[in-house]
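# Secondary and tertiary structure notes
One-letter residues, chain by chain:
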Amino acid sequence: MNPSRIALVTGANQGLGRALVEGLAARMNPDDLVLLTGRSRQRVADAAREVAELPGTRARVEGRVLDVTDIDAIGRLAEELRSRHGGIDVVISNAVARVLPQDSQAARADEFIDVSNTATHAILRSFGPALRPGGRLLVVASSLGTLGHLDPRLHHLFDGASLEQVEKAVESWRAAIHHGTAHEAGWPVWLNVPSKVAQVAAVRALAAERRDGDLANGTLIAAVCPGMVDTATSRPWFSDYSQAQSPARAAAAVLDLVFTEHVDPAVYGELVRFGKALDWHEGTPPLEQDRLLTP
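This section reports on the structure supplied with the text. What you are looking at is a predicted structure, and each value in this text was computed from that prediction instead of being measured.

What counts, and where the lines are drawn
The written sequence of each chain sets the order in which its residues are numbered from 1. For a predicted model such as this one, the threshold for reporting local features is a pLDDT of at least 70, and the threshold for listing and counting side-chain atom pairs is 80 or more; totals across whole chains, interfaces and linings nevertheless cover every residue. For the side-chain quantities, the full set of heavy atoms in the structure was used; hydrogens and water were omitted. Secondary structure elements follow DSSP: runs of H or I no shorter than four residues count as helices, runs of E no shorter than two count as strands, and numbering proceeds from the N terminus. For a compact globule the rule gives 2.2 Å times the number of residues to the power 0.38, and the radius of gyration it is set against comes from C-alpha atoms. The contact criterion used is simple: two residues touch if any of their non-hydrogen atoms lie within 4.5 Å. Each accessible area value is a Shrake-Rupley result obtained with a 1.4 Å probe; residue values ignore everything except the protein chains displayed when judging cover. For this count, His and the chain ends are skipped, Lys and Arg are scored as positive, and Asp and Glu as negative. For the purpose of locating charges, the reference atoms are NZ of Lys, CZ of Arg, CG of Asp and CD of Glu. The pairing criterion for strands is at least two bridges between them, as found by DSSP. As a rule, the C-alpha atoms of each element are fitted with a line to give its axis, helices using only the stretch in contact, and angles between N-to-C directions run from 0 to 180 degrees. Any angle from 65 to 115 degrees is called roughly perpendicular, while one under 35 is roughly parallel, one over 145 is roughly antiparallel, and all others are oblique. By the definition used in this description, the sense in which the near helix is turned from the far one sets the handedness, with an anticlockwise turn below a right angle giving left-handed and a clockwise turn giving right-handed. In this scheme, a residue with accessible area under 20% of its type's maximum is buried, one over 50% is exposed, and one in between is partly exposed, where area comes from a 1.4 Å probe on protein chains only. Under the pairing criterion, centres of Phe, Tyr and Trp rings, with the six-membered ring standing for Trp, must be within 6.5 Å; the plane angle then separates stacked pairs below 30 degrees from edge-to-face pairs above 60, leaving the rest tilted. One speaks of a salt bridge when a side-chain nitrogen belonging to Lys or Arg is within 4 Å of a carboxyl oxygen belonging to Asp or Glu.

If you tally the helices and strands in the chain, you get 9 helices and 8 strands. Here the C-alpha atoms of the chain give a radius of gyration of 18 Å, agreeing with the 19 Å that 2.2 N^0.38 yields for 295 residues. Viewed in the frame of its principal axes, the chain has a C-alpha envelope of about 55 × 40 × 35 Å. Pairs at least 24 apart in sequence give 79% of the contacts found in the chain among residues at least 6 apart. Of the roughly 13000 Å² of accessible surface on the chain, a fraction of 50% belongs to carbon and sulfur atoms. Placing the 30 positive and 36 negative side-chain charges of the chain at their respective mean positions leaves the two points 4 Å apart.

This is how it looks when you write it as structure tokens:
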């Protein structure tokens, strides 16, 4: 059966990604298709089967193996969906590399950047053209993705940058880490900060190119901050989880953007938290967090 609508979530085996798949499958129609993706064939198959068997599931759910660090695989999947189905309706980029506070940030930099940034760039480049009119292309980031969380010396690398310029800035950051010059250039030790800023900058870059056409046909491209979520990835970083949301609750706000009938121009291309756009220039560098981490 040819699906009416197609949705895809990366990093969807567990946590927020799994909750996003469950929410999509519950809110889409029986002739729609939700693709749950991840690196492990067995975990993907198990998760897809489990979601498909949930009482509230309405749409079809299929598992697809996708290693987001393989940018060619991302391109092939996007092209497959374009050629077989004419495109895709919902893409949620959610993959993240788990890094613990005691890990060396520099030692984990390549993996973290490849999963969070290089993959994001590939998803934007490959799935942007595959997005059907009225579609949704969302990148899960965080409130750390606002420009003010970076040293002012670095702002020019991301403010008003094209996607190519964002990619160049990320690679210059990676090189500075390897050469031991990142700190003197103003880059924080904490990988999550420049990574999230770069994610949001990449979304802003693509959205700037497409804004008029997308708003005319009801298409939304945005970065999303789900707020603090109680997951295995985030739990080691916080001592107080009293305000943390369950993955299902955090997913609900993201899914509201997917299913909203009208696209608000104020949130198009922005970092959105609970339906509101965050100020791109807000924030202060998290110096205390930086001092507690291993370079």
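Moving on from the coordinates now.
So, about the sheet that holds strand β1 (residues 6-9). The strand order β3-β2-β1-β4-β5-β6-β7-β8 describes an open sheet built from 8 strands, whose pairing is mixed. This sheet does not close on itself; its edge strands, each paired only once, are β3 (60-65) and β8 (276-277). Across 3 bridges, strand β6 (residues 220-225) lies against strand β7 (residues 271-273) in parallel orientation. Paired with Val224 across the bridge in β7 is Val272. Across the sheet, helix α4 (residues 109-127) is in contact with β1, β4 (88-93) and β5 (131-140); its angle to β5 comes to roughly 175°.

It is at 9 Å that the axes of helix α3 (residues 71-85) and α4 come closest, and there the two elements cross at 25°. It follows that α3 is roughly parallel to α4 by the angle criterion. Crossing of α3 against α4: the hand is right-handed. Residues Ile71, Ile74, Gly75, Leu77, Ala78 and Leu81 of α3 lie in contact with α4, whose contacting residues are Thr118, Ala119, Ala122, Ile123, Ser126 and Phe127.

Right, let's get into the side chain of Arg174. With respect to the helices and strands, the residue Arg174 is situated in helix α5 (residues 163-179). Using a relative accessible area of 11% as the deciding quantity, one classes Arg174 as buried. Excluding its chain neighbours within four sequence positions, the residues that come into contact with Arg174 are Asp110, Ile113, Asp114 and Thr118.

Let's shift gears to the packing of aromatic side chains. This model, assessed by the stated rule, comprises 2 aromatic pairs. Residues Phe158 and Trp187 carry aromatic rings whose centres are separated by 6.2 Å and whose planes lie at 80° to one another, so their mutual orientation is edge-to-face. Taken together, the residues span a long stretch of sequence, with Phe158 in the loop between β5 and α5 and Trp187 in the loop between α6 (182-185) and α7 (192-217) at a distance of 29 residues. For the pair shown, Phe158 and Trp187 are each scored as buried. Three or more aromatic residues link up through ring pairs in this structure, and these residues are Phe158, Trp173 and Trp187.

Turning our eyes to something else, we now look at the environment of Gly145. Relative to the helices and strands, Gly145 is located in the loop between β5 and α5. Taking the C-alpha atoms as reference points, Gly145 and Ser195, separated by 50 residues in sequence, lie 7.7 Å from one another. Aside from chain neighbours lying at most four places away, what touches Gly145 is Lys196, Val197, Val200, Leu271 and Trp280.

If you walk through the whole model with that rule in mind, you get 20 salt bridges. A salt bridge links Arg18 to Glu22; the nearest nitrogen and oxygen atoms lie 3.1 Å apart. Placement of the pair is Arg18 and Glu22 together in helix α1 (residues 15-27), with a separation of 4 residues, close to one helical turn. A salt bridge links Arg125 to Glu164; its shortest N-O distance comes to 3.5 Å. Of this pair, Arg125 sits in helix α4 while Glu164 sits in helix α5, and the two are 39 residues apart along the sequence. Of the residues examined, Arg125 reaches a relative accessible area of 37% and is grouped as partly exposed. Glu164 gets classed as partly exposed once you look at its relative accessible area, which sits at 43%. Bridged by salt links that share partners, the residues Asp110, Asp114, Glu171 and Arg174 form one connected network.

Okay, unusual backbone geometry next. The backbone phi angle of Phe274 is positive, close to 55°, even though this residue is not glycine. Following the sequence through the fold, Phe274 ends up in the loop between β7 and β8. Its relative accessible area of 49% is what places Phe274 among the partly exposed residues.

These figures come from the coordinates and say nothing about function on their own.
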